[in-house]
Amino acid sequence: MSEILQNDEANSTTKEIEMDEQEHEDVEGDDHDHEDISQKSQSSSDSSENEDEEESELHSKIDTLSTQISQNPFIYDNHIEKIKLLKQLGDLYRLRDARADMSKHFPLTEELWLDWLRDEIPLISEDKDKKRVEELFEKAFGDYQSVPVWLEYVQYAIGLMKEKNGLPLVRDAFERALSAVGLHVSQGSNIWDAYREFENAILSGLIPQPGAVVTKEDEEAFALQNQKVHQLFKRQLAVPLLYMQNTLDEYKEWLGEDIIDINTQKAFDKAFEKLQHLQAFEDKLINSEIPQLQTYQEYIQYELKSEDPSRIQCIFERALKENCLNTDLWLQYTTYMDKLKLKEQIESVYERAVRNCPWSSQLWVKYLLAMERQSAQFEKMKGLAERALLVGFSQASDYLSVWCQYCDYLKRRINWDADHEETLETFRLSTQSAVNYMFENFGNEGDPGAVLQQYLSFVEAKFCKNMERAREIWNEVMQAGHGAEAAMWLQYYRLERMFGDSKHCRRILQKALNSVTDWPESITQAYIQFEREEGNLEQYDMAVLKCEAQLERINERRAQSEQSQQELKTKDQQAHGEKTFPKKRKQVEAKYGGAGDSGLQKKRKVDHLASAKDSAEPAVKKVKEEIKEELQEENPTSDKQEDSSRVISEEESNSRVILHGESVKHDPSKDNITVFVSNLDFSVEDEIVKGFFEKCGEITNIRLVRNYKGKSKGFGYVEFTDSNAVLKALKLDREFINGRPVFVSRCEDRSVAKSQPLKFSTNLEKNKLFIKGLPFTMTKEDLETMFQVHGKLKDVRMVTYRNGKPKGIAYVEFTDEQSASQAVLKTDGTVIGDNTISVALSHPPERKTSLLTRSDLSLGSGKKETAFRGKARTQVTLLPRALRQSGQQDTGSGDSSQEKVKTETTSMNNADFRAMLLKK
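Here we summarise the structure given alongside this text.

Conventions used here
- Residues numbered from 1 in each chain as written.
- Predicted model: local features only at pLDDT ≥ 70, side-chain atom pairs only at ≥ 80, totals over all residues.
- Heavy atoms only, no water.
- Pairing = 2+ DSSP bridges.
- Helix = DSSP H or I, 4+ residues; strand = E, 2+ residues; numbered from the N terminus.
- Axes fitted to C-alpha atoms, helices over the stretch in contact; angles between N-to-C directions.
- Salt bridge = Lys/Arg side-chain N within 4 Å of Asp/Glu carboxyl O.
- Buried < 20%, exposed > 50% of the residue type's maximum accessible area, 1.4 Å probe, protein only.
- Parallel < 35°, antiparallel > 145°, perpendicular 65-115°, else oblique.
- Left-handed = near helix turned anticlockwise from the far one by under 90°.
- Contact = heavy atoms within 4.5 Å.
- Nonpolar A, V, L, I, M, F, W, Y, C, P; charged D, E, K, R; others polar.
- Core = buried A, V, L, I, M, F, W, Y, C linked by side-chain atoms within 4.5 Å.
- Expected span 1.5 Å × (residues − 1).
- Polar contact = N/O pair within 3.5 Å; in protein donor to acceptor, adjacent residues only side chain to side chain.

## Examining the sheet that holds strand S1 (residues 674-678)
Part 1: Reading across from one edge, S2-S3-S1-S6 is the order of the 4 strands in this open sheet, with antiparallel pairing throughout. What marks the edges here is a single partner per strand, and that holds for strand S2 (699-706) and strand S6 (743-746). Strand after strand, the sheet turns through a mean of 20 degrees between neighbouring axes, direction not considered.

Below is the structure:
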């Protein structure tokens, strides 16, 4: 019993111990659980903080982009980046607004539309949501004809099947899709297949269940649906589409027969034959890279021959989807649409054209014309013109063309046979507004031919019978800077002759005679002819007398101008050491022949040595001997050569002496095979130049101009065997030799070239970009990488100083204008490192002409004053040194001595000076 009790106590003690251990383990477990929960809570808190930081950073970026877009909404990449960040943030409402804002300024791509639509469709809960989505689809159709977008549309329509009239809505959606993209050779079958699958699904639903009672209505419904599927197959087989043979096999399988009806087979054979011709174009498009413009142009020309409007529109739409910024392609498409005279389609095409290429004034002008042909309302035409003027054209001529077209519309709007006061006043005010607009924004260059004012004066004279107002307008034109132009006076005279009187015609011609400077002969002819027709003998004689006197004065002024130019040319030649020796020149040319550069060089060497013989013969002889020793060291075997070779070597040594400071006249007969090379490093020798140019063609001679020590002056001439090599060499202009850009230009007569003004293009170059603010570390390859994504590059040129250091500016030339315009939109304002670059279309400013010619300046002399600007700054006394010394001995030194010398010299006459000189 005690043992039992002891065992019970032992057991109870054991249980207590086990219970204590279990409780201890539970407590420890609870502690561990609390630690795990605490750690999870801490990590959750950390991740939440990180998410908050990321979200705050996203908000900051989005706000920055919003500010930039509000300042300039025409930067495409800013819109794209903002949409991307908002989608990442998940802010649906702001994302919707950002997409709508971008759609206002740019047509959206297929990918952007699909993302937008797929985000909006699941959110449909009310009728207003459905309406908003359908409006988005319509906008998407208006940007580009995209097969994937149309597929999205029919799928959306299928989702509305349960609604009232759902089935007709779906079929209507498919039919619209087939009309828009059903002829698309490579992707159109997607729409056809989807349509057939939909109708087949309905047909399957009409098949009665086994054991079901089939009514007559069921049979009729089945037969009708079966016929729909038949018709869809037949319609698709009549269209040339890729993989149409598979469609035929599927049709036969669906029929359960290997033979189809004759009409369907004929339609298929015709379409298949057409497909064989189109297959070549489709293969080119598949194997080439976007934008494939050349292939599309060939495709379009082929379809134009078929004269099928639907197919032509389809291929135009396909081409524009890949080349939406090509102005020429839009112009080509709109021109074709104008011929079709389909009002709704024409307006849609023009609207899309100006949204894609708003910079094209031609498209806006054609748009205005197209709307006028459709008898658009005045408010619509006015709004269209205002939109065109707000897009920001690059040239004044673009604005002028839009204004002219709008004024033409306003003039044609006037009904002269009815009450027209209001429309006439609108025309007058608008035309005057156009004149003011062009002058305020562009000055006299806005309308250089005064086209708008001429048009207004013509309307006033012809239709309003108001010659007084017409004359006022023409007086304004003449006072605005056209008074010296013969063409403008003749236009004024013709208007007066048609609608004015003889008295005012005579006054106009007389004023023109005294004002015109560019072509006075035309005015004299018009004046004399007028008096022959309208005047009496006295008036005729007076006209002849005035014309002869005026022509005589003009000829005198021309002769004086020519003489002044000749004097300037002579001074220019003298300033560059151009000395001539007529008698000696004839003897030298007779002796040496003068053929090629060698004869001319020999002649100049003899001339120079003859003139310098007495004064510099010892020094020249010494230097010649030094150069001869150098030549002998370079070529020890030269003593064994023939006598003629020795003569040439001696003349070569002469050239190194006498060419210093000489201007050698080149042989014009070799201009076409010679290039002038400058900005060479002084260490560059003939071998390096030869290695640089030998890839251009065979080189016959390299002449580096050297100083009297035989060192290169950094420029020279490279002569080839043919002119094709010269063209290749000119392409190496500004390439680098030893770290310096080499300037390569055509070989020209400097005396002739300097008399001609420097000419370069000051027109806007729409396919070339001017970039400034580049980092000095940026290379040509970096620029090519940056801009080649926007289109095919023709040339990239980094502008450097003469020592080869970069200036931070460059020119990038594309093969087409559209790529350049797209690059400006996407790269202007780009930040590269610490630099913000500026990208614009190249439009060099006009070179300002200076009163000083190059001959008026000398190296190191700084600026000089000429006769046009008064006395020169340096007032050097021309008093002989002997007089100054004698004057100083007599009068002492200092300022008082100089004043005394000046006083004495000013009072001396020629006889006194001669006596004093002889005495000295």
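## Here's the deal with the pattern of salt bridges
Where charged atoms from two side chains of opposite charge approach closely, those side chains can pair.
Part 1: One pass over the full model with this rule turns up 44 salt bridges.
Part 2: For Arg-118, the salt bridge goes to Glu-152, with nearest N and O atoms at 3.3 Å. Placement of the pair is Arg-118 in helix H4 (residues 110-120) and Glu-152 in helix H6 (residues 147-158), with a sequence separation of 34 residues.
Part 3: When the shortest N-O distance is used, the salt bridge between Arg-352 and Glu-317 registers 2.5 Å. Taken together, the residues Arg-352 in helix H15 (residues 343-356) and Glu-317 in helix H13 (residues 309-322) connect sequence positions 35 residues apart.
Part 4: Taking relative accessible area as the criterion, Glu-317 reaches 9% and is therefore assigned buried.
Part 5: A network of salt bridges, in which partner residues are shared, links Arg-96, Glu-120, Asp-129 and Arg-132.

## Side note on the packing of helix H10 (residues 244-255) against helix H11 (residues 262-287)
Part 1: Relative to each other, H10 and H11 sit at 165 degrees, their axes nearing to 11 Å. By the angle between their axes, H10 is roughly antiparallel relative to H11. Remark: the crossing between H10 and H11 carries left-handed chirality. In this structure, H10 contributes Met-244, Gln-245, Leu-248 and Tyr-251 to the contact, and H11 contributes Thr-264, Phe-268, Ala-271, Phe-272 and Leu-275.
Part 2: Each residue belonging to the contact of H10 with H11 can be placed in one class, and the counts come to 7 nonpolar, 2 polar and no charged.

## So, the sheet that holds strand S12 (residues 838-842)
Part 1: In spatial order, the strands read S8-S9-S7-S12; together these 4 strands make up an open sheet with antiparallel pairing. The open sheet has two edge strands with one neighbour each: strand S8 (793-800) and S12. Neighbour-to-neighbour, the strand axes of the sheet open up by a mean angle of 20 degrees, direction not taken into account.
Part 2: In the packing of helix H33 (residues 817-827) onto the sheet, contacts are made with strand S7 (765-772), strand S9 (806-814) and S12, and the angle to S7 comes to roughly 30 degrees.

## Some thoughts on the nonpolar core
Part 1: Core analysis: the biggest nonpolar cluster contains 70 residues, and Trp-330, Trp-364, Val-402 and Phe-427 have the highest contact counts within it.
Part 2: With 9 residues, helix H18 (residues 396-412) is the largest single contributor of residues to this core.
Part 3: Residues within four places of Val-402 in sequence aside, it is in contact with Ser-361, Trp-364, Val-365, Leu-368, Ala-385, Ala-388, Leu-389 and Phe-393.

## Some points on the packing of helix H16 (residues 361-373) against helix H17 (residues 378-390)
Part 1: Packing of H16 against H17 brings their axes to within 10 Å, and their N-to-C directions diverge by 175 degrees. Taken together, the axis directions place H16 and H17 in an arrangement best described as roughly antiparallel. Contacts between H16 and H17 pair Trp-364, Tyr-367, Leu-368, Met-371 and Glu-372 from the former with Lys-380, Met-381, Leu-384, Ala-385, Arg-387 and Ala-388 from the latter.
Part 2: The residue makeup of the contact of H16 with H17, split by class, is 8 nonpolar, no polar and 3 charged.

## Some remarks on helix H25 (residues 537-575)
Part 1: Given a rise of 1.5 Å per residue, 39 residues ought to cover 57 Å, and the 57 Å separating the end C-alpha atoms of H25 matches this to within 8%.
Part 2: Where H25 is concerned, the buried positions are Ala-543, Val-544, Cys-547, Gln-550, Ile-554 and Asp-572.
Part 3: Those residues of H25 that are buried are in contact with helix H23 (502-515) and helix H24 (520-534).
Part 4: Among the residues of H25, the N-terminal cap falls to Asn-536, whose side-chain oxygen and the backbone nitrogen of Glu-538 are separated by 3.2 Å.

## Here we look at the pairing of strand S3 (residues 712-720)
Part 1: Of all 9 residues in S3, 7 are buried, a share of seventy percent or more.
Part 2: Judged from the 4 bridges that link them, S1 and S3 form a sheet pairing that is antiparallel. Bridge pairing links Val-677 to Gly-716 in S3.
Part 3: Pairing geometry for S2 and S3, over 6 bridges, is antiparallel. Directly across from Arg-703, in S3, lies its bridge partner Tyr-717.

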